[in-house]
Amino acid sequence: MRPPTIRDVADRAGVSKSLVSLVLRGSGQVRAEKREAVLRAVRELGYRPNAAARSLSEQRTRTIGVLLHDLRNPWYVDLLDGLNSLLHTAGLHMLLADARLNRRVGQDPAGPFLELGADGLVVVGTLPDPAALGAVAERIPVVVAGAREPVPAGVDVVAGDDEQGARLVAEHLLGLGHRRIAHIAGYGAVGELRRRSFEAALRAHGAGEAVVELSDMTEEGGHRAAVRLLSRPDRPTAVFAVNDIACVGALSAAEEMGLRVPRDLSVVGYDNTSTSRLRHLWLTTVDNAGHEVGRRAARCLLDRFEGHGGAGRVQLAAPVLEIRGTTAPPLGD
């Protein structure tokens, strides 16, 4: 039995071959009902594009390089899921690499993708030298996802709205009645945005200055910062950590010091990772719209493939505060 062809898909969906091609390339010019009819026909027929033939005819490899700042960051899982959902529909495949490992061995992080002929590059998280992406962007479309550092012209940026997310945390803790509030801060533009916005929101509500301890955004770093904060004579009644990983470290520190969460201490994380949803943790945290950030990053690439170039754009996805079991009014209030 011969495998289904693009003509079979077109006949089943009641559309033209050219419209099927547009759908498979992820074009935004196709009406929703037509796209769904084509995708339904693809599923029903089990159609799989001939990748080798398409690469030869289009002079493209139909692969997208994805350069991760740190493979260990659990927030990237949702982002990659959103990214891949749209790329897969467009018949594109992801190639992953760990930027930290590449730097450790002295390798240009983006070099292997160019050597393999990747059609585009998505950089996930912060790179030490974003300006180095300029040379790459002259050859293929580049999108930075989940970071806020300045980038060269022509590079798109998609991220969560960190300033809004931090304000949501401040307003939640203040609404519960907390006034001695501390922050475990992080590094880079994202860490700075969350810190500045959180402090500004506290001041705007007349809550004074937050006590801030820096961290490296790891569990151990969050633990060390929390120990310093919770050892103060004026111990805070609430702590906002820059991400969920550091927040887990803060929870461990509180337990070791005999404090019960949230009775003695409220704790808030950021990113709404799978870790935060574990039942024995059940963190109050900010959902940083990872899946949506990934989808928008893919859309930026597909738009550039269709010839929509020009200056790079910055898109921010709206965060949502997920209130769970680690925040409550301060004891005695």
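Residues numbered from 1 in each chain as written. Predicted model: local features only at pLDDT ≥ 70, side-chain atom pairs only at ≥ 80, totals over all residues. Heavy atoms only, no water.

Participant: Talk me through the side chain of T63; I want residue IDs and the actual numbers.
Facilitator: Positionally, T63 belongs in strand 1 (residues 63-68). Excluding anything up to four places from it in sequence, T63 contacts H93, L95, G117, A118, D119 and G120. (Helix = DSSP H or I, 4+ residues; strand = E, 2+ residues; numbered from the N terminus. Contact = heavy atoms within 4.5 Å.)

Participant: Help me get a handle on the packing of aromatic side chains, residues and values and all.
Facilitator: As enumerated under the stated definition, the model contains three aromatic pairs in all. Between F240 and Y270, the ring centres sit 6.3 Å apart and the planes meet at 40°, which makes this aromatic pair tilted. You can see F240 sitting in strand 8 (residues 238-241) and its partner Y270 sitting in strand 9 (residues 266-270), a full 30 residues away along the chain. Residue classification places F240 among the buried residues on the basis of a relative accessible area of 0%. Y270 sits in the buried class, given a relative accessible area of 0%. Every member of this aromatic cluster is reached through a ring pair, and the members are F198, F240 and Y270. A cation sits over an aromatic face here: R194 above Y270, 3.7 Å from the ring centre. Seen from the ring of W282, R279 lies directly overhead, with NZ or CZ sitting 4.3 Å from the centre. (Phe/Tyr/Trp six-rings, centres within 6.5 Å; stacked < 30°, edge-to-face > 60°. Buried < 20%, exposed > 50% of the residue type's maximum accessible area, 1.4 Å probe, protein only. Lys NZ or Arg CZ within 6 Å of the ring centre and 35° of its normal.)

Participant: Could you give an account of empty space enclosed by the protein, naming the residues involved and the relevant values?
Facilitator: With the rule as written, the count across this model stands at two cavities of 30 Å³ or more. Roughly 50 Å³ of volume is contained in the largest cavity. Looking at the largest cavity, the residues that line it are V123, G125, T126, L127, P130, L133, V144, A147, E149 and V151. Of the residues in the lining of the largest cavity, the class split is seven nonpolar, two polar and one charged. Approximately 30 Å³ is the volume found for the second largest cavity. Lining the second largest cavity are A226, L230, V239, A250, L265 and V267. (1 Å grid on protein atoms, 1.4 Å probe; cavity = no way out; pocket = protein on both sides within 12 Å on 5 of 7 lines; lining within 4 Å. Points joined across faces, edges and corners; volume = space filled by probe spheres on them. Nonpolar A, V, L, I, M, F, W, Y, C, P; charged D, E, K, R; others polar.)

Participant: Could you give me a rundown of the pattern of salt bridges, with the residues and numbers involved?
Facilitator: If you walk through the whole model with that rule in mind, you get 22 salt bridges. Put simply, E33 and R31 hold a salt bridge, and the shortest N to O gap is 2.7 Å. The residue D156 makes a salt bridge to R304 at a minimum N-O spacing of 2.7 Å. Pair noted here: D156 is in strand 5 (residues 156-160) and R304 is in helix 13 (residues 290-305), with a separation of 148 residues, a long-range link. Across the pair, R304 and D156 agree in class, each one buried. Connected through salt bridges with shared partners, the residues D156, R299, D303, R304, E306 and R313 form a single ionic network. (Salt bridge = Lys/Arg side-chain N within 4 Å of Asp/Glu carboxyl O.)

Participant: Which residues make up the pairing of strand 2 (residues 93-98), and what values go with them?
Facilitator: It is a general feature of regular strands that their side chains alternate between the two faces of the sheet. Pairing analysis gives six bridges linking strand 1 to strand 2, with the strands arranged parallel. Counterpart to V66 in the pairing with strand 2 is L96. On the question of chirality, the crossover connecting strand 1 to the parallel strand 2 by way of helix 5 (residues 75-89) is right-handed. (Pairing = 2+ DSSP bridges. Right-handed = clockwise from strand over helix to strand, strands pointing away.)

Participant: Give a detailed account of the nonpolar core, specifying residues and quantitative values.
Facilitator: Counting 25 residues, the largest nonpolar core has L83, V122 and V124 as its most contacted members. Those elements that place two or more of their residues in this core are strand 1, helix 5, strand 3 (120-124), strand 4 (142-145) and helix 13. The leading source of residues in this core is helix 5, at seven residues. Leaving out residues up to four positions away in the same chain, V124 has contacts with V66, L67, L68, H69, Y76, L79 and A145. Counting 22 residues, the second-largest nonpolar core is a separate cluster that includes V239, A250, A254 and L265. (Core = buried A, V, L, I, M, F, W, Y, C linked by side-chain atoms within 4.5 Å.)

Participant: Talk me through unusual backbone geometry; I want residue IDs and the actual numbers.
Facilitator: Between V261 and P262 the backbone carries a cis peptide bond, its omega angle lying at 10°. Topologically, P262 is positioned in the loop between helix 12 (244-256) and strand 9. We note that N272 has phi near 50°; this positive angle belongs to a residue other than glycine. Tracing the chain through its elements places N272 in the loop between strand 9 and strand 10 (284-287). The phi torsion at W282 lies on the positive side, around 50°, for a residue other than glycine. For W282, the position within the fold is in the loop between strand 9 and strand 10.

Participant: I'd love a proper account of the packing of helix 1 (residues 6-13) against helix 3 (residues 32-45), names of residues and values included.
Facilitator: Here helix 1 crosses helix 3 at 120°, and the two axes come no closer than 9 Å. One finds that helix 1 runs oblique with respect to helix 3. For the crossing formed where helix 1 meets helix 3, the hand is right-handed. On the side of helix 1, the interface is formed by D8, V9, R12 and A13, while helix 3 contributes A37, V38, A41, V42, E44 and L45. When its residues are assigned to classes, the contact of helix 1 with helix 3 shows seven nonpolar, no polar and three charged. (Axes fitted to C-alpha atoms, helices over the stretch in contact; angles between N-to-C directions. Parallel < 35°, antiparallel > 145°, perpendicular 65-115°, else oblique. Left-handed = near helix turned anticlockwise from the far one by under 90°.)

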